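Listed below, chain by chain, are the residues.
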Amino acid sequence: MTATDEQVTTTAAAVPATPLRLGTRASVLAQTQSRAVADALTAATGVPVELVLISTEGDRSSAAIAQLGGTGVFVTAIRRALLDGEVDLAVHSYKDLPTAPEPGLALAAVPVREDPRDALVARDGLTLGELPPGSRIGTGAPRRVAQLRALGLGLEVVPIRGNVDSRMARVAGSPDGPGDLDAVVLARAGLSRIGRTDRITETLDPLQVLPAPAQGALAVECRASDARTRELLGRLEDGATRACVVAERATLAALEAGCSAPVAAYAEVAEGEAGPELFLRASVTALDGSDSVRGSVTGAPADAAALGRGLAAELLDRGAAALMAAGE
């Protein structure tokens, strides 16, 4: 190799990789989880990632999610930017995605999931069982509304919108404001990602309140035609997490329900006698809490989608459709 060849090689190696553009909502939580994915991607590949903030319909309106059209209000604008080539990848809260795939996009990675359970933030450090009858408890999810009412604790469930901090500010005696609520229920994963777990007064057992399908999981999308980005994102994949959320969302899809329906599903992968096993639980609860159907199934992680569809069929046979329709 000549001196000139060596100089060219050294110069080429020193040229930094072109940054990938990651589209994200502007909320603190969205930016935090997007930055975590960006940092993990750079650590795994050496490729820098820059965040591109995108405003969505869900961010611009204070109306209830169901009034805005339900699932997808937080992702449509980001997906459009991705398809138009304005960004190279996007990070979503997986539970915000419609169950139908988006033509032209690939779900390239599902990273390791955060704790999917719901969390209570209550005044005076109270747990759910310690809140007196008549206490006002805020949540924006019909699933939580239905399950909280079904517990029969005599709580007044109040529909709320807003980011994590604005919701917690509504709890009486909170450090963020005087508050008009006794408690709020939020996803523990979101509180963990933005460093607010110290505000949790109780992490709710799934036997009490079963999580939303894919809660706590992130979905990383890119254009299906972008082979390089797909390969890079594949290094963030966690197979067990994907199997769990595939099972949960297959249940949701087979029930023909979205995020505005009182549907819950939670899967776990554990080591069985013959290898890894997936255990899936799901429920549909009447919005007024008067009735519910629950079921569970176990099988191989490779059969995750089929397990979800089978469990949904069982719930439908037991009256799930009528319970969902009653809340519309």
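Look a little higher up for the structure.
The structure contained in this document is the topic of the report that follows.

Cut-offs and rules
- Along each chain, residues carry numbers from 1 onward, in the same order as the chain's sequence is written.
- Given that this is a predicted model, residues contribute local features only at a pLDDT of at least 70 and side-chain atom pairs are listed and counted only at 80 or more, while totals for whole chains, interfaces and linings are drawn from all residues.
- The side-chain figures draw on all heavy atoms in the structure; neither hydrogens nor water molecules are used.
- The numbering of helices and of strands both runs from the N terminus, where a helix is a DSSP run of H or I of at least 4 residues and a strand a run of E of at least 2.
- Only protein chains enter the calculation, and the probe is 1.4 Å; a residue is then buried if its accessible area is under 20% of its type maximum, exposed if over 50%, and partly exposed in between.
- Given a helix with a known number of residues, its expected span is that number minus one, times 1.5 Å.
- By construction, the arc corresponds to the directions joining the helix axis to the C-beta atoms.
- Note on definitions: a residue-residue contact is assigned when non-hydrogen atoms from the two residues lie within 4.5 Å.
- Side-chain atoms within 4.5 Å link the members of a nonpolar core, which is a set of buried Ala, Val, Leu, Ile, Met, Phe, Trp, Tyr and Cys residues.
- Following DSSP output, two strands are said to pair if at least two bridges run between them.
- Polar contact criterion, stated in full: a pair of N or O atoms within 3.5 Å, where within protein one must be able to donate a hydrogen and the other to accept it, and residues adjacent in sequence count only if both atoms are side-chain atoms.

Let us look at unusual backbone geometry. Leaving glycine aside, a negative phi is the common case for residues, and trans is the common case for peptide bonds. The backbone phi angle of D124 is positive, close to 60 degrees, even though this residue is not glycine. Within the secondary structure, D124 is located in the loop between β5 (118-122) and β6 (136-139). Despite not being glycine, A214 shows a phi value in the positive range, around 70 degrees. Take A214: it is sitting in the loop between β9 (202-203) and β10 (218-223). Taking relative accessible area as the criterion, A214 reaches 0% and is therefore assigned buried.

Here helix α2 (residues 28-45) is 18 residues long and its end C-alpha atoms lie 25 Å apart, about the 26 Å a rise of 1.5 Å per residue gives. When α2 is considered as a whole, its buried residues turn out to be A30, Q33, S34, V37, A38 and L41. End-on, the buried residues of α2 take up no more than an arc of 140 degrees, which puts them together on one face. Structurally, α2 contributes buried residues whose contacts are with β1 (20-24), β2 (49-53), β3 (89-93), α8 (188-193), β10 and α9 (227-233). Directly after α2, the chain includes G46, whose backbone phi takes a positive value near 80 degrees.

All right, on to the nonpolar core then. Counting 24 residues, the largest nonpolar core has L255, A257, V263, L278, L280, V284 and L315 as the members making the most contacts within it. Elements with a contribution of two residues or more to this core: α10 (239-254), β11 (263-272), β12 (275-285), α11 (304-317) and α12 (320-326). Ranked by the residues each element gives to this core, the list is headed by α11, at 5 residues. Apart from the residues within four sequence positions on either side, L315 is in contact with L255, A282, S283, V284, V293, R294, G295 and A320. With 17 residues, the next largest nonpolar core counts L41, L89, A109 and V220 among its residues.

With that out of the way, let us pick up the pairing of strand β13 (residues 292-299). As paired elements, β12 and β13 share 8 bridges and run antiparallel to each other. Counterpart to R281 in the pairing with β13 is S296.

This paragraph deals with the side chain of R144. Among the structural elements, R144 can be located in helix α6 (residues 142-150). Residue R144 is classed as buried on the basis of its relative accessible area of 5%. There is a polar contact of 2.9 Å between the side chain of R144 and the side chain of D118. Setting aside its immediate chain neighbours within four residues, R144 contacts K95, D118, T139, V185, L186, A187 and Q215.

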